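Reading the structure
Spelled out from the first residue to the last, the chains are:
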Amino acid sequence: MSLPIYLIGARGCGKTTVGLALSQALAYAFSDTDYFLQQTTQQTVAEIVAAEGWEGFRRRETQALMAVTAPSTVIATGGGMVLAEENRRFMREHGRVVYLKADPEVLASRLEAYPEEDQRPTLTGRPIADEMVEVLAQRDRLYQQAAHHVINAMQTPEQVVQTLLQTLSLARAS
Ligand SMILES: Nc1ncnc2c1ncn2[C@@H]1O[C@H](COP(=O)(O)OP(=O)(O)O)[C@@H](O)[C@H]1O
Ligand SMILES: O=C(O)C1=C[C@@H](OP(=O)(O)O)[C@@H](O)[C@H](O)C1
Ligand SMILES: [Mg+2]
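An unreviewed UniProt entry annotates the protein chain as Shikimate kinase 2 of Winslowiella arboricola. Quoted straight from UniProt, the Pathway (unreviewed entry) entry for the protein chain says "Metabolic intermediate biosynthesis; chorismate biosynthesis; chorismate from D-erythrose 4-phosphate and phosphoenolpyruvate: step 5/7."

1. What to know about the UniProt feature "binding site: ATP" (unreviewed entry) in the protein chain
The UniProt record marks Gly12, Cys13, Gly14, Lys15, Thr16, Thr17, Arg120 and Gln155 with the feature "binding site: ATP" (unreviewed entry), using the residue numbering of this structure. In terms of the greatest pairwise C-alpha distance, the residues named above, spread along 144 residues, do not form a single cluster, extending to 22.5 Å across. On the secondary structure map, Thr16 appears in helix H1 (residues 15–26). Among the residues examined, Thr16 registers a relative accessible area of 42% and is labelled partly exposed. Along the polypeptide, Arg120 turns up in the loop between helix H5 (104–113) and helix H6 (128–146). Overall, Arg120 belongs to the buried group, its relative accessible area being 19%. Not counting the four nearest positions on each side in its chain, Arg120 is found in contact with Arg11, Gly12, Leu111, Tyr114 and Pro115.

2. Re the sheet that holds strand S1 (residues 5–8)
Taken together, five strands build an open sheet; the order of strands is S2-S3-S1-S4-S5 and the sheet is parallel. On the outer flanks of this sheet lie strand S2 (29–32) and strand S5 (149–152), each paired with one strand and no other. Averaged over all neighbouring strand pairs, the angle between strand axes comes to 25 degrees, with direction disregarded. Across the face of the sheet, helix H4 (residues 85–94) comes into contact with S1 and strand S4 (96–101) while running at roughly 145 degrees to S1. The sheet contacts of H6 involve S1, S4 and S5, and relative to S4 the element is tilted by about 145 degrees.

3. Considerations on the site of ligand 2
Around ligand 2, a shell composed of 16 residues is seen, among which Lys15, Arg58, Gln119, Arg120 and Arg139 lie nearest. Arg58 has a polar side-chain atom sitting 2.7 Å from an oxygen atom of ligand 2. The fraction of the free accessible surface of ligand 2 (380 Å²) that becomes covered by protein chains is 98%. Among the elements that take part in the shell around ligand 2, helix H3 (residues 45–68) stands out by supplying five residues, more than any other. Among the residues making up the shell around ligand 2, the classes are represented as five nonpolar, four polar and seven charged.

4. Looking at the packing of H3 against H4
The contact between H3 and H4 brings their axes to 10 Å, and the two run at 10 degrees. The angle between the axes of H3 and H4 places the two elements in the roughly parallel class. Counting all contacts with H3, which are made through Thr62, Leu65 and Met66, the residues of H4 involved are Glu86, Asn87, Phe90 and Met91. Class assignment of the residues belonging to the contact of H3 with H4 gives a composition of four nonpolar, two polar and one charged.

About the thresholds
- Residues numbered from 1 in each chain as written.
- Chains lettered and ligands numbered in written order.
- Predicted model: local features only at pLDDT ≥ 70, side-chain atom pairs only at ≥ 80, totals over all residues.
- Heavy atoms only, no water.
- UniProt positions renumbered as here; feature names shortened; annotations may be inferred.
- Helix = DSSP H or I, 4+ residues; strand = E, 2+ residues; numbered from the N terminus.
- Buried < 20%, exposed > 50% of the residue type's maximum accessible area, 1.4 Å probe, protein only.
- Contact = heavy atoms within 4.5 Å.
- Pairing = 2+ DSSP bridges.
- Axes fitted to C-alpha atoms, helices over the stretch in contact; angles between N-to-C directions.
- Near = heavy atom within 4 Å.
- Polar contact = N/O pair within 3.5 Å; in protein donor to acceptor, adjacent residues only side chain to side chain.
- Areas by Shrake-Rupley, 256 points an atom, 1.4 Å probe, with all protein chains shown as cover.
- Nonpolar A, V, L, I, M, F, W, Y, C, P; charged D, E, K, R; others polar.
- Parallel < 35°, antiparallel > 145°, perpendicular 65-115°, else oblique.

Pasting the structure below:
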């Protein structure tokens, strides 16, 4: 059995979309921590945050990360998973961690086209483009710290999957 692969990065970088496609290419299972939370609580992210605040959501997110961790599984995390040092350490110790990196303008344009507000309630109360700049300024360092590999996520999903396959097999060979 192979180590789990964790995809990290900001909202809109493609963790869920690319993660599912990567799992199919590798014949791995696929898990998404947000989807896991929605299934187990029967609540959307927005409903959890409304009831318990971001603090409650973050606590549940850590539990979800541990619950979905399994061999031969691609795990799409939520964009804020790296905020907790505990989560960064857990991912690095249990699997391969890949940062899907994209510029804030690219992320904002994807989210503006398809906001999914139940999944992505505002983090700052500011417009998406401003929020993306602010969030990346805080988190880019944490994504870099947690990651074994950094991938350019500003390609088509198919190209990102190919880059991931190359990067992960090179990493195995070295
Ligand atoms: N590589 C990509 N190129 C263009 N659009 C993308 C890409 N990856 C994801 N998207 C689109 O961006 C939005 C967010 O993707 P998603 O996979 O949910 O990101 P995340 O899970 O990282 O927040 C979706 O509408 C998705 O179709
Ligand atoms: O960046 C964040 O703090 C969040 C990202 C979301 O996941 P995606 O990155 O899959 O959109 C979701 O976990 C929640 O809204 C919080
Ligand atoms: Mg996602």
